[in-house]
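Each chain is listed here by its residues.
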Amino acid sequence: MSEPSEAGRFGEFGGRFVPETLVPACQELEASFREAWADPIFRGELDSVLREYAGRPSILTECHQLGARLGLRLVLKREDLNHTGSHKINNVLGQTLLAKRMGKKRIVAETGAGQHGVASATAAALLGLECKVYMGAVDVERQALNVFRMKLLGAEVEAVHSGSRTLKDAVNEAMRDWVATVESTHYCLGSVMGPHPYPWMVREFHRVIGDEARQQMADRYGSDPDVVVACVGGGSNAIGIFSGFVDTSARLVGVEPAGGAAVGRGQPGVVHGMRSYLMQDEYGQVLEAHSVSAGLDYPGVGPEHSYLASIGRAEYPSVSDSEVIEAFQLMARTEGIIPALECAHALAWIVREAPSLQGRTVLMNLSGRGDKDVGQMMEILGS
Amino acid sequence: MIALEEHLRACRERGRKILVPYVTGGLSGWEAAVRAAAASGADAIEIGIPFSDPVMDGPVIQEASQRALDDGATPVSILQSARSLDVGVPLVVMCYYNTVHHPGHQRFASQLKDAGISGAIVPDLPLEESGPWCEAADAAGLATVMLAAPTAPDERLPRVCARARGFVYSVGLLGVTGERSALVHTATALAARLKAVTDVPVVVGVGVSNAEQAVEACRVADGVVMGASVVRRLLEHGPDVVGDYVSEVRRALDGV
């Protein structure tokens, strides 16, 4: 995948639509990232912490039972086995090492399901940074365990009561904090969204998922997968795995929740610093997303996904909450793996489309584990 | 439509400090508050068009925006009401960029023009992204007020000022809109840096919270925007108290 344009555009998407106060900070971040990313010392530092702390490389697991049942070869990229239980740690270790290199003492982060918040709190503890996490009040309720984990790790968690009280409002509040504290603070954004350079930088930090998977597929099967599937909220795990296969003939599928289908049901709009597909009303007010999974409860999507959709390189179907709940249980029972509700979206699409995927090799990014969702599933399914 | 910059330059030439109260459009009593402010010595009035995700606003204006949206306010309904205000001072809208982007630059510019609006402030549209909107606004004769922030390096300020029409909005502090107990040092420091590089009127906003702070800012700047302190009074007490407050600030500024 290529770099965005100088103005931070992927095609007509992306950009840097932020208050004037933040422009110098975004420019400084872009220059620092560019310099660090070209520096073998920084790359070596990041590689060793990914290997010795986060547990990379993550393995591939073939789902023999489930594959046989669906009539295809289903291979999982096991990001759920990373330290802190999801792919989020890749980006967070990159950004916090960069923040330290830039002389920042404090990070702020937004979180939906709590995965990015936990990863941020973890990296801040490791590197001795102060950490504050903004989380929508609705999500604080449904992800109480992750809230406590963040506190155990020494982070301050603030419940956000404005707007829809979910992920988009947590982003607003984190940006407001950053506007006030920009001189000492780095905003550790958790997805491939926001103003330039975030969509590009966060993609680069997650590219390791796709690069590893491509090599692992070649080593084990001697070929690329036919289809690569990942769930999409902001789209960081999807862009991470897509980036390893965008130059192959593999079909790339990003699965959105039906209640948060930015690409599927949105129009181009501008929020959170970027121009991208966005769910909005007839006056441009941003609509609230609704999904069983807090991590995908986001009305927008990263600008590079909008670009990949616009040129037809990737497709973005959506699945319903009930399909997701079915898929979640199916994976647990047939493979002994409890997936995050977010990733169950990817599986739900595979299950639905299985008749058209007979005999194919499908690589799915299992971007997080489902421990955090067990309480919520207990309520949904009854004990 | 009254030409914003001409009007404000005329104020300055008369030795009058520029007072720009901000009122959230669509909030209960907002039209009466605009009339009261105009009658009490405002030189221009900023009308906020509420947005679902106001990242530059603190709790007071967030609450006002949410209430207005809950009451069904839309950009179209607010502009329709603005058309009949006719208060004798220029009206400027403050809106987030998606409100402009959604209808399209030219269409939004002509909507503003039809409503008798003199200009626009778009706080999440920085210099580098402002081209297409500014072109449409210029063509429609609308003034685009640019924001300048305390974080800007020296080389950036003249470029921001060169693009500013009407006035330069000198952001008073690092942070979002809202009342503060004191005017921070950066408010006058940035105003002085701007005055040194531009002839466009320099107006300080964000964190100017009472008459005393307005006076302090105007020892350097050409004027002030008063936002949260006005909107809080409208939320708590209604339009009459807004008029009283604007008069109080006016009297204080006239003594500078």
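Bear in mind that the values here come from a model prediction, so they are computed numbers and not experimental data.

Take the overall build of chain B next. Helix and strand counts for chain B come out as twelve helices and eight strands. Relative to the globule expectation of 18 Å for 256 residues, the C-alpha radius of gyration of chain B, 16 Å, shows essentially globular dimensions. Projected onto the principal axes, the alpha-carbon positions of chain B cover approximately 40 × 40 × 30 Å. For chain B, the proportion of its 256 residues judged to be buried stands at 59%. The contacts in chain B between residues at least 6 apart in sequence include a share of 72% that link residues at least 24 apart.

Residue and element names in this part refer to chain A. Domain assignment breaks chain A into domain 1 (9–49 + 88–198) and domain 2 (56–86 + 207–381). The straight-line distance from the C-alpha centre of domain 1 to that of domain 2 is 22 Å. Contacts between the two partners involve 34 residues from domain 1 and, on the opposite side, 38 residues from domain 2. Counting only elements with at least two residues in the side of domain 1 that touches domain 2, the list comes to strand 2 (13–17), helix 4 (88–101), helix 5 (115–127), helix 6 (137–142), helix 7 (144–152) and helix 8 (167–181). Per element, the largest residue contribution to the side of domain 1 that touches domain 2 is five residues, and it comes from strand 2. When the residues that make up the side of domain 1 that touches domain 2 are grouped by side-chain class, the tally is 14 nonpolar, 15 polar and five charged.

Many analyses report the size of an interface as the accessible area lost when the parts associate. Listed as interface residues are 30 residues of chain B and, on the opposing side, 28 residues of chain A. Counting residues per element, the ones that place at least two in the side of chain B that touches chain A are helix 3 (59–70), helix 5 (97–101) and strand 5 (143–148) of chain B. Element by element, the count of residues in the side of chain B that touches chain A is highest for helix 5 of chain B, at four residues. Each residue belonging to the side of chain B that touches chain A can be placed in one class, and the counts come to 17 nonpolar, nine polar and four charged.

Moving on, we get to the packing of helix 6 (residues 105–114) of chain B against helix 7 (residues 131–140) of chain B. Residue and element names in this part refer to chain B. Two elements in contact, helix 6 and helix 7, have axes whose closest approach is 9 Å; the angle formed by their N-to-C orientations is 40 degrees. You can see that helix 6 and helix 7 cross each other, and the crossing is right-handed. Between helix 6 and helix 7, the contacting residues are H105, Q106, A109, S110 and K113 on the first element and P132, W133, A136, A137 and A140 on the second. In terms of residue class, the contact of helix 6 with helix 7 is built from six nonpolar, three polar and one charged.

Quick look at the packing of helix 8 (residues 156–163) of chain B against helix 9 (residues 185–197) of chain B now. Residue and element names in this part refer to chain B. Across the interface, helix 8 lies against helix 9 with an axial gap of 10 Å and an inter-helix angle of 70 degrees. As far as their axial angle goes, helix 9 and helix 8 are roughly perpendicular. As for how helix 8 packs across helix 9, the hand of that crossing is right-handed. Across the interface between the two elements, L157, P158 and C161 from helix 8 touch R193, L194 and V197 from helix 9. Classifying every residue of the contact of helix 8 with helix 9 gives five nonpolar, no polar and one charged.

Turning to the environment of R369(A), a few remarks are in order. Residue and element names in this part refer to chain A. Relative to the assigned elements, R369 resides in the loop between strand 15 (361–366) and helix 15 (374–381). Spatially, the C-alpha atom of R369 lies 8.4 Å from that of L341, the residues being 28 residues apart in sequence. The contact partners of R369, leaving out residues within four places of it in the chain, are D80, G85, I338 and A340.

Calculation criteria
Residues numbered from 1 in each chain as written. Chains lettered and ligands numbered in written order. Predicted model: local features only at pLDDT ≥ 70, side-chain atom pairs only at ≥ 80, totals over all residues. Helix = DSSP H or I, 4+ residues; strand = E, 2+ residues; numbered from the N terminus. Rg over C-alpha atoms; globule rule 2.2 N^0.38 Å. Buried ≥ 20, exposed ≤ 12 C-beta atoms within 10 Å, placed from the backbone. Contact = placed C-beta atoms within 7 Å. Domains from an automatic or database assignment. Nonpolar A, V, L, I, M, F, W, Y, C, P; charged D, E, K, R; others polar. Axes fitted to C-alpha atoms, helices over the stretch in contact; angles between N-to-C directions. Left-handed = near helix turned anticlockwise from the far one by under 90°. Parallel < 35°, antiparallel > 145°, perpendicular 65-115°, else oblique.

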